[in-house]
Amino acid sequence: MNHPPLPVHVEVEDFPVKDNCLVIGGRTVADLAVGVGQTPFYVYDSKLIAKRINALRESFPDKLKLHYAVKANPMPAVVNFIAPKVDGLDVASASEMHVALGSGMPANDISFAGPGKRPQELEQAVAMGVTVTIESVTEMRRLADIGRNIKREPQVAIRVNPDFELRSSGMKMSGGPKPFGIDAEIVPDVLRELATLPMHFNGFHIFCGSQNLNAESIIDAQSKTVDLALRLTEYAPRSPNFINIGGGLGIPYFKGDNLLSLEPIGDNLKKLTKLASNALPDTSLVVELGRYIIGEAGLYVCRVIDRKESRGVTYLITDGGLHHHLAASGNFGQIIRKNYPVVVGTKVFSDDLEPQSVVGPLCTPLDILADKMPLPRAEIDDLIVVFQSGAYGLTASPLNFLSHPYPAELLV
Ligand SMILES: *Cc1c(COP(=O)(O)O)cnc(C)c1O
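Remember, predicted model here, so these are calculated numbers, not experimental data.

What follows covers a nonpolar patch on the surface. Taken together, the side chains of Phe332, Leu366, Phe401 and Leu402 make up a nonpolar region of the molecular surface, amounting to roughly 310 Å² of accessible area. Within the element layout of this structure, Phe332 appears in the loop between helix H11 (326-329) and strand E18 (342-344). Residue Phe332 is classed as partly exposed on the basis of its relative accessible area, which comes to 37%.

Next up on the list: the site of the ligand. Neighbouring the ligand are the residues Ala69, Lys71, His205, Phe207, Ser210, Gly248, Glu288, Leu289, Gly290, Arg291 and Tyr392. The residue makeup of the shell around the ligand, split by class, is 4 nonpolar, 4 polar and 3 charged.

Spatially, E1-E2-E3 is the arrangement adopted by the 3 strands of the open sheet, whose pairing is antiparallel. Bordering the open sheet on either side are strand E1 (17-18) and strand E3 (27-28), each of which pairs with just one other strand. Both strand E2 (residues 21-24) and E3 contribute to a ladder of 2 bridges, which runs antiparallel. Counterpart to Val23 in the pairing with E3 is Thr28.

Take the nonpolar core next. If you look at the biggest cluster of nonpolar residues, it comprises 118 residues, and the most contacted ones within it are Tyr68, Ile158 and Leu249. Considering every element that reaches this core, the biggest residue donor is helix H8 (residues 215-233), with 9 residues. Not counting residues within four places of it along the chain, the set of residues in contact with Leu249 comprises Leu56, Phe60, Asn212, Ile218, Gln222, Leu260, Leu262, Ile265, Leu289, Arg291 and Tyr292.

In a structure, side chains of opposite charge can pair up when their charged atoms sit close to one another. Within the structure shown, the criterion is met by 20 salt bridges. Linking Arg141 and Glu193 is a salt bridge whose minimum nitrogen-to-oxygen distance equals 2.8 Å. One end of the pair, Arg141, is in helix H6 (residues 137-150); the other, Glu193, is in helix H7 (residues 187-194), with 52 residues separating them in the sequence. Looking at Glu193, the relative accessible area reads 24%, which means it is partly exposed. Between Asp267 and Lys270 there is a salt bridge, and its shortest N-O distance comes to 3.8 Å. Of this pair, Asp267 and Lys270 both sit in helix H9 (residues 262-279), 3 residues apart, roughly one helical turn. Each of the salt bridges in this network shares a partner with another, and the network as a whole consists of Arg307, Glu309, Glu354, Arg377 and Glu379.

With that out of the way, let us pick up the packing of helix H2 (residues 46-59) against H9. Across the interface, H2 lies against H9 with an axial gap of 8 Å and an inter-helix angle of 45°. Between H2 and H9, the interaxial angle falls into the category oblique. Along its contact with H2, which presents Ala55, Leu56 and Ser59, the element H9 presents Leu262, Gly266 and Lys270. Class assignment for the residues of the contact of H2 with H9 results in 3 nonpolar, 2 polar and 1 charged.

What follows deals with the pairing of strand E15 (residues 284-289). In terms of residue burial, E15 counts as a mostly covered element, since 6 of its 6 residues are buried. Residues Ser284, Val286 and Glu288 of E15 are buried on one face, and the alternating residues Leu285, Val287 and Leu289, pointing to the opposite face, are buried as well. Bridge analysis of strand E5 (residues 65-69) against E15 gives 4 bridges, and the strand direction is parallel. Bridge pairing links Tyr68 to Leu289 in E15. Here strand E14 (residues 242-244) pairs with E15 via 3 bridges, running parallel. Bridge pairing in E15 links Phe242 to Ser284. Remark: the E14/H9/E15 crossover connection has right-handed handedness.

Moving on to the side chain of Thr314. Note that Thr314 resides in strand E17 (residues 313-318). When its relative accessible area of 6% is taken as the criterion, Thr314 is described as buried. Among the polar contacts listed, one links the side chain of Thr314 to the side chain of Glu309, at a separation of 2.9 Å. Those residues in contact with Thr314 that sit more than four places away from it in its chain are Arg307, Lys308, Glu309, Pro355, Gln356 and Ser357.

Here we take up the environment of Ser46. Along the chain, the position of Ser46 falls in helix H2. Look past the residues within four positions of Ser46 in its chain and what remains in contact with it is Phe81, Leu411 and Val412.

What follows is about helix H1 (residues 29-36). Among all positions in H1, only Val29, Leu32 and Ala33 are buried. Each buried residue of H1 sits inside an arc of 100° when the element is viewed along its axis, so together they form one side. Exposed side of H1, more than 90 degrees from the buried face: Val34 and Gly35 are the residues found there. Residues of H1 that are buried in the fold lie against E2, E3, strand E4 (41-44), strand E16 (298-310), strand E21 (383-386) and strand E22 (408-411). Immediately downstream of H1, the backbone of Gly37 shows phi near 95°, a positive value.

Counted under the stated rule, the structure contains 8 aromatic pairs. Aromatic side chains Phe254 and Tyr340 sit 5.7 Å apart centroid to centroid with 70° between the ring planes, which places their arrangement in the edge-to-face category. Placement of the pair is Phe254 in the loop between E14 and H9 and Tyr340 in the loop between H11 and E18, with a sequence separation of 86 residues. Relative accessible area serves as the criterion here: at 23%, Phe254 is assigned to the partly exposed category. Within the aromatic cluster, the residues linked to one another by ring pairs are Tyr42, Tyr44 and Tyr300. Over the aromatic face of Phe81 sits the side chain of Lys85, whose NZ or CZ is 3.9 Å from the ring centroid. Its end group placed over the ring of Phe112, Lys117 keeps NZ or CZ at 5.7 Å from the ring centre.

Parameters and conventions
- Residues numbered from 1 in each chain as written.
- Predicted model: local features only at pLDDT ≥ 70, side-chain atom pairs only at ≥ 80, totals over all residues.
- Heavy atoms only, no water.
- Patch = residues over 30% accessible without salt bridge, like charges linked within 9 Å, V, L, I, M, F, W, Y side chains within 5 Å.
- Areas by Shrake-Rupley, 256 points an atom, 1.4 Å probe, with all protein chains shown as cover.
- Salt bridge = Lys/Arg side-chain N within 4 Å of Asp/Glu carboxyl O.
- Helix = DSSP H or I, 4+ residues; strand = E, 2+ residues; numbered from the N terminus.
- Buried < 20%, exposed > 50% of the residue type's maximum accessible area, 1.4 Å probe, protein only.
- Near = heavy atom within 4 Å.
- Nonpolar A, V, L, I, M, F, W, Y, C, P; charged D, E, K, R; others polar.
- Pairing = 2+ DSSP bridges.
- Core = buried A, V, L, I, M, F, W, Y, C linked by side-chain atoms within 4.5 Å.
- Contact = heavy atoms within 4.5 Å.
- Axes fitted to C-alpha atoms, helices over the stretch in contact; angles between N-to-C directions.
- Parallel < 35°, antiparallel > 145°, perpendicular 65-115°, else oblique.
- Right-handed = clockwise from strand over helix to strand, strands pointing away.
- Polar contact = N/O pair within 3.5 Å; in protein donor to acceptor, adjacent residues only side chain to side chain.
- Arc of directions from axis to C-beta.
- Phe/Tyr/Trp six-rings, centres within 6.5 Å; stacked < 30°, edge-to-face > 60°.
- Lys NZ or Arg CZ within 6 Å of the ring centre and 35° of its normal.

The structure is reproduced here in structure tokens:
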């Protein structure tokens, strides 16, 4: 029997196999499909979410605050589960803010970032007492006007576009010209103006990038970020409540990706929290993570509708695909496509594997979930499982493309 082709980093005890069927949160994927009442669906394992948060807490210093970036997965059940285990929630729209408030997280532990917040969204955040992360001078002045109009003092933070980059990051969000945040070199002037406006300065927000698997470059960016924030603090109207140094801790998706080691990052964060608390005893350091907390806890499940051969290639045509899970399909062909970890959930082990391509129902050659992957022979009605699907999955996909039904979502 071949070992189940699980992703290398997934511990087998996290996803046991019963009657050759993958078990998620104590139930086989076949039972889950019946219980959900439809395929495709996303399923999130609460035990795995808690496990990742515990691992972060164990490696990171006690004084460091841990926030969850709601945009990674805004499903209300997921946010409600995570909220009591973290120190704050970061949102990127008024709708996400409503989900965050609904979790019971106090408004002053919620921050709202993102360029181009509409005036109405700013007003909603001010009325609710959520900290608004200011991304431009225009936004700062708008907030002052809104505060005067609705007679509430806006709670604000400044998002800084630093003058350095996060090395080897999957997605760079800082350094050079960026729509995010205010360029570090003009922040002193902006802070001087802020001091004259009717608003309450809470802190700095500096986020360098996403999906980084290189501990050394994360350590480098976090050290530079704290250093920059401490320098900018000299220009602030008051000592900040927090310095949010962002997220960016990656998870391994593809063969050859290494598992990020938390230990050296935690050791460096211990130094940085000490440094910060010596300089600013009332300021908390915050890290804000999305993908690392939820990415590995989520699976996408779809059903084989047809099996056919075409000139030597076997296609498993499923009811799910690119429209539900853009990242696993390869992001509209913009990157060199690699297979996410995929298994046949209803036939995990097999004596022989054969190359099969898992595709979706869309009329585009880009609708691929697994390209010529060695898998146990799957038949019509077998369930295909895509791992590493908890973050930037359903809400980061073009659900309306070709107007097929939406996937369900379930927290177990
Ligand atoms: C998206 C985002 C995050 C979370 O990034 P992950 O890579 O999912 O950890 C953190 N901070 C900000 C400002 C973000 O926009």
